[in-house]
Structure formats: structure tokens, C-alpha cells
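Now for the letters of each chain:
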Protein chains: 4
Amino acid sequence: MTMMTAEQYEESLRRLNLVVYMFGKRIGNVVDDPIIRPSMNAVAKTYELAYRPEHEDIMTATSHITGNRINRFTHIHQSIEDLVKKSKMGRLLGRETGCCFQRCVGMDALNALSIVTFDIDAKHGTKYYKRFVKYLEYVQENDFTVDGAMTDPKGDRSLPPHKQPDPDQFMHVVEERKDGIIVRGAKAHQTGAVNSHEIIIMPTLAMRQEDKDYAISFALPSDAEGITYIMGRQSCDTRKLEGGTMDQGNLLFGGHEALVVFDNVFVPWDRVFMFKEYEFSRQLVEQFAAYHRQSYACKVGVGDVIIGAAQTAAEYNGVEKASHIRDKIVEMNHLNETLYCGCIACASEGHKEPSGTYCVNILLANVHKHNVTRFPFEISRIAQDIAGGLMVTLPSEKDLQSPETAKWLKKYFEAHHDIPTENRMHILRLIENLTLGTAATNYLTESMHGAGSPQAQRIMISRRINMQEKQRAAKKLCGIEE
Amino acid sequence: MTMMTAEQYEESLRRLNLVVYMFGKRIGNVVDDPIIRPSMNAVAKTYELAYRPEHEDIMTATSHITGNRINRFTHIHQSIEDLVKKSKMGRLLGRETGCCFQRCVGMDALNALSIVTFDIDAKHGTKYYKRFVKYLEYVQENDFTVDGAMTDPKGDRSLPPHKQPDPDQFMHVVEERKDGIIVRGAKAHQTGAVNSHEIIIMPTLAMRQEDKDYAISFALPSDAEGITYIMGRQSCDTRKLEGGTMDQGNLLFGGHEALVVFDNVFVPWDRVFMFKEYEFSRQLVEQFAAYHRQSYACKVGVGDVIIGAAQTAAEYNGVEKASHIRDKIVEMNHLNETLYCGCIACASEGHKEPSGTYCVNILLANVHKHNVTRFPFEISRIAQDIAGGLMVTLPSEKDLQSPETAKWLKKYFEAHHDIPTENRMHILRLIENLTLGTAATNYLTESMHGAGSPQAQRIMISRRINMQEKQRAAKKLCGIEE
Amino acid sequence: MTMMTAEQYEESLRRLNLVVYMFGKRIGNVVDDPIIRPSMNAVAKTYELAYRPEHEDIMTATSHITGNRINRFTHIHQSIEDLVKKSKMGRLLGRETGCCFQRCVGMDALNALSIVTFDIDAKHGTKYYKRFVKYLEYVQENDFTVDGAMTDPKGDRSLPPHKQPDPDQFMHVVEERKDGIIVRGAKAHQTGAVNSHEIIIMPTLAMRQEDKDYAISFALPSDAEGITYIMGRQSCDTRKLEGGTMDQGNLLFGGHEALVVFDNVFVPWDRVFMFKEYEFSRQLVEQFAAYHRQSYACKVGVGDVIIGAAQTAAEYNGVEKASHIRDKIVEMNHLNETLYCGCIACASEGHKEPSGTYCVNILLANVHKHNVTRFPFEISRIAQDIAGGLMVTLPSEKDLQSPETAKWLKKYFEAHHDIPTENRMHILRLIENLTLGTAATNYLTESMHGAGSPQAQRIMISRRINMQEKQRAAKKLCGIEE
Amino acid sequence: MTMMTAEQYEESLRRLNLVVYMFGKRIGNVVDDPIIRPSMNAVAKTYELAYRPEHEDIMTATSHITGNRINRFTHIHQSIEDLVKKSKMGRLLGRETGCCFQRCVGMDALNALSIVTFDIDAKHGTKYYKRFVKYLEYVQENDFTVDGAMTDPKGDRSLPPHKQPDPDQFMHVVEERKDGIIVRGAKAHQTGAVNSHEIIIMPTLAMRQEDKDYAISFALPSDAEGITYIMGRQSCDTRKLEGGTMDQGNLLFGGHEALVVFDNVFVPWDRVFMFKEYEFSRQLVEQFAAYHRQSYACKVGVGDVIIGAAQTAAEYNGVEKASHIRDKIVEMNHLNETLYCGCIACASEGHKEPSGTYCVNILLANVHKHNVTRFPFEISRIAQDIAGGLMVTLPSEKDLQSPETAKWLKKYFEAHHDIPTENRMHILRLIENLTLGTAATNYLTESMHGAGSPQAQRIMISRRINMQEKQRAAKKLCGIEE
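Calculation criteria
- Residues numbered from 1 in each chain as written.
- Chains lettered and ligands numbered in written order.
- Predicted model: local features only at pLDDT ≥ 70, side-chain atom pairs only at ≥ 80, totals over all residues.
- Heavy atoms only, no water.
- Phe/Tyr/Trp six-rings, centres within 6.5 Å; stacked < 30°, edge-to-face > 60°.
- Helix = DSSP H or I, 4+ residues; strand = E, 2+ residues; numbered from the N terminus.
- Buried < 20%, exposed > 50% of the residue type's maximum accessible area, 1.4 Å probe, protein only.
- Lys NZ or Arg CZ within 6 Å of the ring centre and 35° of its normal.
- Expected span 1.5 Å × (residues − 1).
- Pairing = 2+ DSSP bridges.
- Axes fitted to C-alpha atoms, helices over the stretch in contact; angles between N-to-C directions.
- Contact = heavy atoms within 4.5 Å.
- Buried area = accessible area lost by both parts, 1.4 Å probe.
- Salt bridge = Lys/Arg side-chain N within 4 Å of Asp/Glu carboxyl O.
- Polar contact = N/O pair within 3.5 Å; in protein donor to acceptor, adjacent residues only side chain to side chain.
- Nonpolar A, V, L, I, M, F, W, Y, C, P; charged D, E, K, R; others polar.
- Least-squares fit on C-alpha atoms with pLDDT ≥ 70 in both.

> Looking at this structure, how should I read the packing of aromatic side chains?
What the rule picks out here adds up to 40 aromatic pairs over all chains. Both rings, one in Y135 of chain A and one in Y138 of chain A, keep their centres 6.2 Å apart while their planes meet at 45 degrees; by these two values the pair is tilted. Separated by 3 residues within a single helix, Y135 of chain A and Y138 of chain A lie in helix α6 (residues 128-142), roughly one turn from each other. Judged by relative accessible area, Y135 of chain A falls into the buried class, the value being 5%. Judged by its relative accessible area of 37%, Y138 of chain A is partly exposed. Centre to centre, the rings of F170 of chain D and Y214 of chain D are 6.3 Å apart; their planes meet at 90 degrees, and the pair counts as edge-to-face. Residue F170 of chain D is located in the loop between β5 (146-149) and β6 (172-176), and its partner Y214 of chain D is located in the loop between β8 (198-201) and β9 (216-221); the two are separated by 44 residues in the primary sequence. The same class applies to F170 of chain D as to Y214 of chain D, namely buried. One aromatic cluster is present, built from ring pairs that chain together F132, Y135, Y138, F144 and F273 of chain A. For R103 of chain B, the ring lying beneath its charged end belongs to Y47 of chain B, and the centroid distance is 4.1 Å.

Here it is, written out as C-alpha cells:
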């Protein structure tokens, strides 16, 4: 059996021995921590849906190594169809969780490495690809969640890695041994880190020869000795500690991000996939980035949730037929489906790499992600317009339970007598969650910076455009001969 | 002495006996409650700055009743210059507090009533204006903070007040007595309610004859018997309970909003300013709305803060000279100054009403507010772009204090060795506060809905435009004679 | 031989006997008329490129009727791949002509009819499909250009067809005969009408039973007796009469549109494809509209031209390395490629209809077209920014030829001494053509209204969205059970 | 009598002996040339309205030199009120002409010189100001139209004036004589040049010491020996030659721009206002630019015309009550009035310069103009949306006169039987004129580049913002002490 159930996944996490800090304290039981657990629930959804017949086609695939049925998140794309299904899987899970489900980053790292290890071997006669495939099989057979770790702290942005006053600002080799290497550094913004079994490290930018000690890629068990996780905090995170069923907005799911510190961690050779082949670091970065920019398909699914919530709020407010409300709902959908076009197009225009892996169209993947840095903000703005000011002036859930105040809330927040006031409050709390709360950190800020900030996409768009062809056409039409 | 100091203001609040609920419990000491206190601090700033010589010209005025020096927030605009200074006062206080300072709404209610009571008298031979001026003098002499309360719960949006199944969905008279009236109802979204000495009630929309019991306006002490305040909660509100000096972002100031319930409250006749003159309810609504839309000048000041914070974050990240960063800073400023043009223009194009009060240009005030429903969202989006993803993945302040994690945070979040890591964290927390946290509820959601939702402005723009003149010009130019 | 060459196409047009009016006069020789000819050149390009080996895969297809190699413009889509190639063909031709090449509308009409005739037969037991296929084979074997005509004048917009004071405001049957029918009416905005061999008429909107005389579809030779063409004029149209090689901007290609009047025209039965089956008129309209909204792939190609021209202008002005110029070029590309994503995605998400024809995803086709009503305007705005004011203050080509003025133009309009001043003028005239001139009518106004105005797409988006699914997801996440 | 009538203005132009070329030929009678005359009509409107009692307050002023009533276009702003009236005059004339009326540029040059000549004298002890005032009196007494000429051809953009291979790319002194100077160079994009009596030359950018020969300002009669005008052509310019009353859209008014060549022109000393005081060239440029950016108030008036035309087209199409149409009209107005706020605010926030001249707020003037580079494009896009596709597919006016086609046009372009089809055509031609035709070159392209391209405003916004103040506020709020 190569696919875990959601329950098995949860149990498997309990067996890990992670060093996790939050609010200045070590977290003993990560799985049951009320702030972290919703993020675990979201990852668990990737296991649960794989067992649902109606989602099987999207959520699972056949391993090209073993021929076994595997969770698509551990799959190497074997066709255009696989790439398209990946986008659809992202939208599906975004819609079902209303947040970041964290597991795409590992899938993207695996796929990027399946291409680049092959290409390094072709040039250098190394054996990375074989080593990688063996590791991949291990991941597939165990149905692991993998964290793909790219972003280094970077220290002084004006200096390359080898010139940093503190050499650890970029992940690097500090010792080379017979059985493996010792590495040191940190990876920031690691989504889903403490819900992962494995972590794959990749360089954060194109390296030059002087930086070759930084041009490394490798995999580690998430609880390898020397790894420390420090949890980031999110807007409204502590509402999850309040014990209610309303004010956190999304009652089940969330995301998390962590700073992961590697303090002299040992990596055996069979888990090293790039070692100082600095000239391939750019390719690995761009390949991973392209896959991961496609992964922002998930925001279309979160967009579905926010649109559904806005429509519901309009109905509860009794204004769903007003022409300006209908027009705003159309606009939200139009923007959301424009994003969908992007993640479908970059997949359907994909191509086969020498290793056999299918890769998205890199230009269009960047165009897609670039729109993700814009449209969710406008969708969020419109959702706030439709929700009404009550979204931010609503008293707490506890006021609904107190006899002295409950009567007033029920009386004065009722807009339709066939809609319980509680429901109106529930839906407004969900919109608050998506536009200002824990989910906003994913739907907005992460949409901006995840898989690269806007400027990163603009640089790639600039590089990937065939400007000569456009200029040739223009000159010909107006009669310029050069 | 007609102007209180900030300290006197705080003391005066302690003497009130307000019935306030929050998180289901009655709050005994409102002034010192850690969640409410920052909002009190923001109002206190309106008293403090009035005593600063460099701001005296903007913050104070000469009463046209008594000739005394008064806080501008209790002043009736006597000239175009007064209107312009009001806009500048809003920007100043927005910049100094980084949030909603709550006191403008009372000023706007007073000014609107100074016009409408005069006009009612002119038609009906009533004595409202005199009564109002006496009340105004009381407010000015005591330098009170006044809550201007307009928004009713509204119940079923498809029905007028008198057809609501629950008649209390709009504030109304339930008994008429010799010495005054008894009123019942509620006002939602009341900004700064529990920091106010007085509360002025106005109708929420244009009333018809059948709704004349709802066409009422009056003033009450904020602690009148029968008034209950239920505090709304804001994104990240409970961070203020954590006792730190970083994670709440804005360390001193905030805003608050409350549902205010009036359960059979007595109003003596000398505090009643409109009583069933339903045909003036539209004027009062539009006049108040116009003044209050001008008041969104404050968001330009909050915009100053977010721009200053983004620039600082860019400098701390070491990227302030990158051309795309500079360009984004220009864009933020351009949008912010466009807003400034709106609140200046509607003031400088103001006019004198029959009562002698100066009123803003209503068309331009609506245009201004309508831009406020848009640009702060884009400014916020750009701020998040410049801040970087760390804004939402930053560990808590407590991780910076714990010896096990502090070393890693200091090491890995340092970008410039001459900038303390703490400062970088401080500024990111401020941007988080403004874009996702407590201040975002004011800078974003309230910008959308305060003083009327976008559609309200569109309706007013549509009404106030001279379309005939435009059509005449167009037809003449192309040769159409009708 | 089933494919004409460009030369054969031109000759075939000479054999037509069209009744064409322009500037109030009958045009004897349509093909050589200097205003019309550039539009013929653009259609001819669809024939020419089909013979180019490098474009063969995109420009041609295998007929599913005869198995012959045919021009893709006469092809019925047999697969997703066909749909995607159609989008690519549109971009290719847009780039090579810089204007509207007019031939897509017939292709879209043929494909829509291939679906709807089949569906009518299935319900009514009629024989339309067989009749249609025979006609299709005739078009394919002769490689005809077909005009697809949908838009009726519509008269009073508030009345349905049968209530119009003038019954001819919608195309209708005026007589039913043994051998065929007599029709009367007009079709407006007919792109490429006088460059077509055939014209296919479709109803302009969903019809009800009372309007069944208007629920008709049929094909006619473009020179059938009773058809009159009145040419529309375009911005700068008469520059084509000036005889120069610069001021018209695009020296070879253009588009045209005409009002086509049908004054009691006879249609034999074997060319009638819908006859009063009013309940299918909506389907025919929506099917055609969806295909035709996909066809706005062409604007991506025109976008390529305008981007290429802007880049060239920047180089000629010596400013191509300025960061703001580079950023603007990226923005143009980003918007243009976002459009590309739309036309690719609606194709790759297509599906098979009962007739075997593949149809685009209707929701996404509408989303795509809706973006076409926006982005070309912004691309055009940026192009004008980059071009500089000289674009509209440039003296005429004749001033460059006159000895008295040529010296000054050459001296003062030279920005780089290795770039001939003429080239700088050429490229500015092309940008003028695309943003204000003849091509602007296609790139801008037609982008707005062609294949349906923006509101038409919004209505379709509203209909095609699965709102229930979105609301279900939202409610589940926040705990609403109904 | 210090103010000319429109008729006197026209006569005064006939007395000039200008050397004007267009389409490669010398124009003998400039005033009656059908392409140029509409631009003369627009300038004449500035004379005509000054005599209308209802516009007298806006259109005229009292000379601070002579105390005479003068046309405001020759006035030096003596108060904030004057600045505000200037903005209102711009809107008024934009609305009455629907195009560029050309006379503001001279007013802006005069006002800028009134400041800078005073400041030069203060530093250098020169006598420029007195000389300038004498010249100003001459202009006021004669009610002259003055062209303010700033933009040089600039040659190689990467080189300063003195390094240009061709020294004439920037206007410069070629000889210094006892009685005056000889200058050579050219000024591009000169709006209204051949409708002017005088031309004032200013340097085009900040000069350094090495470029001091280029740091010159002076005035010339427009027909001084050695000056040649080469007319630029506009989109659809030749429609004015067709002799109709419909297709040119705006039947009376237009604008024009010209390249003005100065081939060794003599300037007497009493008309020289800056001579090699290079350190003041930046101030003159910025001062003039600020005034001239305010002058884009005129586009608000042209916006009034396009809104009036769109509303009329909607009524003629019978769709003016559709909610989406009403919403679009509101949006056009909102954008147009936002522009109005800009030109009012920069005026009302003006200040007094040492010379006594009032100057606009430079930051806000730049903000205003920057919005002018954006909103007219969106207004134009919406106007095209409302107008419908017929705007670009309408046959020519001659088709309406030909008996063979007139019947069809009248029949099929009638939407309301009480609206003559001609009127519908007239209004569509006006919208075409404003969005694609002669007026589009002013409303769009000139809005982009006139008074400086967008990037010029961004640089000024960047310079004029008080960033320190914003950063101080932000740091204080989040607890950063440095």
C-alpha cells in the first residue's frame, strides 16, 4: 500500500521527533497544538481526498518507477495531462481547505530535481539522477509529505554568498566527509515545515564559481539532528486558542510557516543531489520556481471560497439581487477565472525535458504567478465591499453566549428572520479570516511573495519573451529595412 | 478654560459610568482596559496636539458663539479656510496615530445639525436651531468628545422602517412625554463610542411620512440610563493582551467600534433637534455624509505612515535603491496625494449655508471618499510587496526573548549589521498591523464602508453631476440641434 | 487541389459581382480599391501562410469529411489540439498582419452550425446536419472565405423582433416557397464582408415562439442578388489614398467592416440550416459567440506588433535601457501573455459535442474575451507613453520629401545618427496606426465590441459559474449547516 | 481697450507674415486653411468668452501693472483665487471647445518668467524683471496669444547639450551682439504655434555651467525673420478637407502642433529674460512645468464633453437606463471629477513667490498631471464601450447623401423613431473624434506627454515628498529609536 490515509498521516507525524519552538517555548506535541493543528488538517486533506473516488483521477497517479498508484503530490509529471491535473488538484484543495495546504512545494522540488540531476549527469558524468530516483521511490512508497526549501536569509542583499560577513546567511557545506557532508545555514518562510516527513534543500539563487560551496541540494528527514523549527506567527493566530467555533473563521484549516535552522547537520551522500555544480544552480532555481508558480493554482480554489462566502453574505444581508452586487460578484469570478486560465495554459503548453519529466511553459507560469500578486487583492477588496462593515465591528463569539449581550446581538444582527444570526456571523468571520486573518497571510501576502516576489516574475517574463520576433514583425509592417 | 489637556480628557472618562461589554463580560474600567486603551490614546491625541504651538493653527479655532479658543473638533466651520484646516487636521492626526482617532464623527454631526436645524426652523417656525446652539456651546465649553451615530441595524433591507417586523431595527420614538421622549433602537459600527462624553443620534436614511417616528435627532450623555455598549472585535485585537512591545505593531494607538443599544432611553426636549420633520431626514443624512466623507482625509495621514514604514522596511532590507522599489514608493505617494487632492478640493470648493455654516462641495466630497474605497487597498498591496514575505512569517516577540531561539532570529533576520534585527521586526509588525491587523480594519475595511459604502457615493455622484450641461456642450460641438 | 494560393484567392474575388458602396458611390473594382485592398491583403495572408512549410501545422488541417488537406479556416475542430491550434493561428496572423484578418468569423459560424444543426435534428428529426455537411464540403473543397453574420440593427432595443415597428430590424423570412425562402433585413459591422465568397446568416439573439420567423440560419454566395454592401469608414482611412509609404503606418494590411443589406433575397432550401426552430437560437448564438470570443486570440498577435514597435521606438529614441521603459515593456508583455493564457486555456479545456465537433470551454472563452475588452487599451496607453509625443506631432511624409522642409525634419528628428530619421518616423506612424488609426478600430474598439460587448460576457460568466459549489465550500469551512 | 474680440483676434492673425509648411507646401493663408482654421477657432473662443458676462469673472482679471481689465490668459496670478480661477477657466474652455485651445502655454511661460527673472535679479543684480514686466505690459495691452516654447529636439538623449554632435539640438546663442543675440535651434510639439502673435523660448532642462550657452530665455514676434513652422499631422486631419458637416466629429474646433525652426534669428536685448544664468534653468523648467501641469485642468472639460456624448449616445441607443450603463457613466464622472480635484487642490494650496506671483503647489500639480496620463484613457475606453461598435463601422456622411444608400442608413441605423438617424451618427462621430480622431491626439496622447511625460512627474513627486516626516511617524508608532 503506497498511499496513506489521513489518519495514518497524522499518526506518522506523531512518530517524528521535531524540535519546534513557538512563542519562545518548545512544542512537545506538534500534532495536537491548537495553533498548528489546522495546518496539519489541511495537509491531511491531501491524503483524504486521494481516497475519494470522485477525486481519484485528479489526486492520484501511476508511478513511472513502480507502476503503483501513488498520491499525485509524490508524482513526477509524465505528460501534459499530468501538468493540467496538477493545476486542477491545486484548485480543488484550495477550495476544500480555504487555505494553503502546503504539500505542493515538495512535489515541485522533486520534479525540478528529476530534470536537473539528469542534466548534471549528462554534462559531468555524475550519478545524481539514479540516486535521486531511488530517493523518489522511497518518498512515493511511503507517501511522504516533503518540504521543498529554497529561500535563504540572504543577509546583506548587495553581497554574493561568499562575501557575506556571516557565511551562514546562505546554506553551505562546512565539512566534506567520506560518508557525507555537514551543512549549515537556514531556510526562511518554510510552508508546512513541521507537517513534513522530509525536507529537500535547494540553492536560493544562481551561483558563480566563487560560491560553489553554496551550490548544493540534498534531502533530510525532517527530524534530523541539528534541525530547529521556529514557527512564524500569523494575523489572528491566537483566536485558535480561544476554544470557540466562530471567531477563527475557518474552523478546521490553516497554514503555517517556519524558520528552519540547520546547525551542522549531517547529510549522507545518497541524499545529496547537487554538490558544487554551481552552473546548474540557476536552472534548478528557475525550474523549481516555474513549477511552484504554477502551483499558485491553489489561490483559484481559495478564490472560489471567498466568492462563495461573498455571495452568501450578500444573500444573508438580503442584497444579492442589487445590480451592483451582482456586478461585483461577476468581477470576482472574472478575475478568479483569469487566474485559472493562467495555471491551465502554462500546463497545457508544457513540454518534455530530456529526463522525461514534463515541465510547464516557463513564461506562462511566470505570467500566471504575476497575476496572483494582483487579483487576489482586488477580489479581497470586493469581498470586503460586499460583506459590509459589520465584518470588522462584529462583537466576539462570547458576546453571543453571554445572556446580557446575546439578546441584543440576535435582535440587531438579524437581517432575514429565516437566517439565523449565527450564520450571518459565521460567514462574516470567514471573510474576515480570508481578508485580514490567518488565511489572509496566505491568500494575500503569500500570493505576493510565495514562489518569488513580483519583481522575480518580471525579470523572467523579460527574459523569456521573444522580442526579436515582435520587432521583426513590427518593422516589416511599417516598411523598415535594416 | 475651554480646552482639556490629554490628561484631563482621560480623567473625565473615568468619571463616566458606561455599560460596556466585551468578550461577553462587563468592563468595569474602560479607560485602563488593554484592548480599549489604545483607542482612548488616539482620541487623547486630539487634545494633546491642540496644546502644541506648532499645531495650534490647525487644531484649534475661535468659537463663533463665545469667541473662546476651542478645539477644532467642536467648531462650526465659519469659512472655506476652516474646511481646509479640517482636512489638514485629519491628515495630521492620521499620521501621528496611524489609526482612526474617532473624534471627527461628532464634529461632522454638529456641523450637519447646525445647518439642518436652521433650515427646519425656516420652514416650520420651530426653535431647533437655538436649542442646538445652546447644546453646542455646552460641548465647546466642556471640550467634549462626541459620537455621531447614524447607522441603524436596518433589519430586512427590502422594507422601510415602519414595515419592519421588529420596529426597533430603526431608532424610533416609543413615547412622547411632557419633559421629553423615550427612544428605542440601536446604532451599529459606532467608532470611538466608549471614548465619548456625548452621543448625537441621527436618522440613517431619507424617511417618508409613514416613517416619521423614525425621523428624529437628539443628543445624550454617553452614560445615560438604558444605553449599552457591546464592543466589536478587530483582527489581532488580543495581541494587545500579550504584554509585549512589538507584536501589536502600533504600540500606542488603535481604534474601536461598538454596537450601541438604546433600551427605552429618555431624552429631554432641550436635547431633541429633529422630531418627525421627516422631509429633512434626507438633508441631514446627505449633509452629515458629505462632511464625514471629507473626514476621510485621515486616511491620507495613515497613508503617510504606511509609506514611511515601507520606505524604512526597504532601507532595512537594503533594497531602497532598486529602481522597482523606488517606483513603487512613488506610486504609493502618488495615490496618497491624489487622495489629499480630494479632501482639499471638496473643502476649498465649499460654500456658505443659510445658517452661516460652511459646507464642503458635496459632489467632490463623495468623489474623495470613493477614491478612499480604492487607493488604500492598492497602497496596502504595494506595502506588502515592499515589506517582503517575512512580514507574515516572522516568529513572535517571545521567540526573540527566549535564549534558545533569540540567537537564531538575531543571526538570520539581520540584513544590515548596523540595523538591529529588532528594528526590522518592529517595522514589519507595523506594516502587518496596517495591512492585516487592528489598523487594517480602519485603513481598509472602514475606508470601504465608513461614511457610506461605495455604492452610496456612486448614487450621490450620479445625482450631483450636471449632465445637462455636458450633453449641451457635446451636442453643440457635433452639430446636433434638438 | 483544395487550397487556394494568395494569388488564386485574389483572382477568385475578381470574379465576384458584389454591389459595394463607399463614400456614396458604387465601387466597381473592389479588389484594387486602395482603401479596401489592404483588407484583402490581410485575408490573402491566410492563404499564403497555409503554403509555408513552417506554418503548415498551424494553418492547415485534414478534413474529417474528405480526408483532404484543407485550410484550417474551413475546418471543423476534431480535437482539443485543433482548438489550441486555432488560437495559435489567430496569434500568428495577428502578428503577421497587425490588423484584423477577417476570416475567423466564418470558421466560427461553420463550427457552431456543425453542432447546432446536429442537435436540432436530434430533437426534431430534421435533416439540417446532412445538408450542412454538404455545404461545408463545398466550402472546404473551394477554400472559400466565409463571412459569418450575426448582428442585426435591432431597432428599438426595448422590443423583441416581432414587436418592432419596422419588422426588418431583425433578419426574417418574408416568403416561404417550394424551392426556398425569401429573406429581408440587414447585418451590421460585417468584418471582411466584401472579401468573402460566402456569407452565413445566424440569428442575433435568443428567440421566443412569437419571433420564430426570425429564428433562421442560412448561407448565401456573397454576390447573391439583392445583397448590398455599404462600407464603414475607419479613422485615417483616406491616408491610404495619399500614395505614400509612411503615413498609413501599416503599409500593407488593414481590415474593413460593412453594413450588409438583404433586400428580398432568395435562399434555396439546401442552404437553410435553421428554420423557425426558435428554441435553438440561443444555443447557436452562445456557441458561435464562444468560438468567436476564443478567436480574439488574434489580438495577442497584434499585441506582439505593438510591443515590438514600442521596443523599437524606445531604441530609436535611445532610451531602451531606462528602468521605467524596461518596466513598461514587461508590463505590456505581461498583459499580452495573460490574454494568451485565456485563449489557450479555453481551448485546452474544450470538450466534444454530440456532433463530434470540439467546442471551447464557454466560461473561459468569455473570460478571455472580457480581458480583451480591457488589456489592449492599457497596452495601447503604454505604447503611447513609450512612443513619445512626436507620434502625434510628426509632420507628414510629404514634408520629408519637400526640399524646404526635409532638411529640418532630418536634422531635428534624428536621435541616433546610425538610425535613419525615416525609420524613426515609420515606427511612430505604425504605433499611431495601432493606437489611433485604422488598426485602432480593430485593436481597440473591435476588441471592445466584436463577438459581443463586455456586458454580454459578464452575463455569460454569471451563468456559467458554479456558484452552489463555491457556497457549499464556504459554508462548510465556517461551520454553517443549513 | 485691452481685450480683443474674437473677430479682432482673427484679423490680427491675418496681419502676421508666418512661414508655415504643411504637406510639403508653404501655406499662404493660414487663417483660412481648412485644417488649421478649427485650431484658430478654439483660440478665438478664449477671446469670445472673455466678453460674455456669465464668464467674465473666470475669463478676465485686473492687471497688476496697469489696473486694466485684461484677458486672464495674459494675467500674472496675484492670489490663490487667481490660481483657482485659472483651473476653472481651463475646464470651461475644454468643455466649450472639446479640444486643446492652446493659449495656456503662454500664460504659464509668462507666470514662470515673472518669478524666475525676479529671482535671477536678486542673485545677480541683473535687470531682467523690469525688462520682463515691460514686455508683459505689451502683451497684456495688446491681448496677444503667446506660444511658450520649451521642448528641444534633444538629439542623442544620453548627451548633454554641449556634447551633442549637432549643437543645434538644443536652442543656443550663436552670436552675441551689441543690440541683441542670434539664436539657433528648434522647438518641437509647439501647440497653437501658428495661432500666436508671440513666442517665448525657455530652456528644456536643467543646465550646467558647460551648457550655459543653452541657458537662455527670450521672446520673439511669431513672424520674426528666420522662424519656420512645419505643421504636425493628426489622426483624421484630412476629414476637415472633405467639406461635410458630420465626419470630422467636432465641427468647429481642433488643435494643432508644429515644429518651429529658428535659423539664426535675431533677438534684441529687451526681449532677453535669461542669458547664461544656467543655475536658474532648472527653476524655470520646474516652475513652468508646474503651472503647465495645472493647466491640464482643460482635460476635465474635454472629459465633460465625452461624458455628455456617451450619455447622449446611450439615450439614442435606448439603453441609458440599463444598470451597467448608468454605472459606467458614474465611473466616467468619478474619474473626471477626481482630475478636477487635482487641479483645484494644487491651486488652492498655492503660495506667494518673492516676486509677488502666486505659484501652485508643485507636488500636487505633478500629482494632478500624472492622473491625467491615466484617467482620460479609461474614460475613453468606457466611452467606446457605451458608444457601441457602430462608432467604427459607420459609413461616411456621403453615404447618407447618396440616394442609393441613404435609405438603408436611415432605415437601419434608426434606434428610436423620434431621434433622427443623423443625430445618432453625429454623436458617434464626436466620440470617434475624441477617442481616435483629431481630438484624441489631445485628449489621449497629449494628456500623456504634454507638460512632461509620466516619468517626469514621478521624478518630481519623488523629490517633493517629505519622506523623513513619514518615516519619523512610522518609527515612532512601532517603537523604533535610532
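> I would appreciate a short explanation of helix α9 (residues 323-348) of chain A in the present structure.
In an α-helix, one full turn covers 3.6 residues, which means residues spaced three or four apart are oriented alike. With 26 residues, α9 of chain A should cover 38 Å at 1.5 Å per step; its first-to-last C-alpha distance of 36 Å lies within 8% of that length. Most of α9 of chain A sits inside the fold, with 22 of its 26 residues counted as buried.

> Sorry, what's going on with the sheet that holds strand β8 (residues 198-201) of chain C here?
All names here are of chain C. With mixed pairing, 4 strands are arranged side by side in an open sheet as β5-β8-β9-β12. Strand pairing shows two members of the sheet lacking a second neighbour, β5 (146-149) and β12 (272-275), which therefore form its edges. Here the average twist between neighbouring strands, direction ignored, is 15 degrees. Bridge analysis of strand β9 (residues 216-221) against β12 gives 3 bridges, and the strand direction is antiparallel. Across the sheet, the residue bridging to I216 is F275, located in β12.

> Looking at this model, I keep getting lost on the interface of chain C and chain D. Mind explaining?
Accessible area lost when the parts come together is the quantity often used to give the size of an interface. On the side of chain D, 74 residues touch chain C, which itself brings 73 residues to the contact. Note on chain C versus chain D: buried area summed over both sides is about 6300 Å², and carbon and sulfur give 58% of it. Of all residues in chain C, R233, R381 and Y412 of chain C give up the largest surface area on contact with chain D, accounting jointly for 13% of the area buried on that side. Connecting chain C to chain D are 8 salt bridges. Close ionic contact of E242 of chain C with R233 of chain D constitutes a salt bridge, the shortest N to O distance being 2.8 Å. In this assembly, chain C and chain D are joined by 40 residue pairs in polar contact (both at pLDDT 80 or more). Residues of the side of chain C that touches chain D, tallied by class, amount to 27 nonpolar, 24 polar and 22 charged.

> Help me understand the side chain of S380 of chain D, please; the structure alone is not making it clear to me.
Within the secondary structure, S380 of chain D sits in helix α11 (residues 375-387). Apart from residues no more than four positions distant in its own chain, S380 of chain D is found in contact with I306, T435 and L444 of chain D.

> Got a minute to help me understand the relation of the copies chain C and chain D in this structure?
Here the second copy of the chain follows from the first by a rotation about an axis and a shift along it. Least-squares fitting of chain C to chain D yields an RMSD of 0.0 Å, with the superposition described by an axial translation of 0.0 Å and a rotation of 180 degrees. Considering both components of the superposition, the chain copies are consistent with a two-fold axis. Comparing interface residues between copies, 100% of those in chain C also sit at the interface in chain D, which points to an isologous, same-surface contact.

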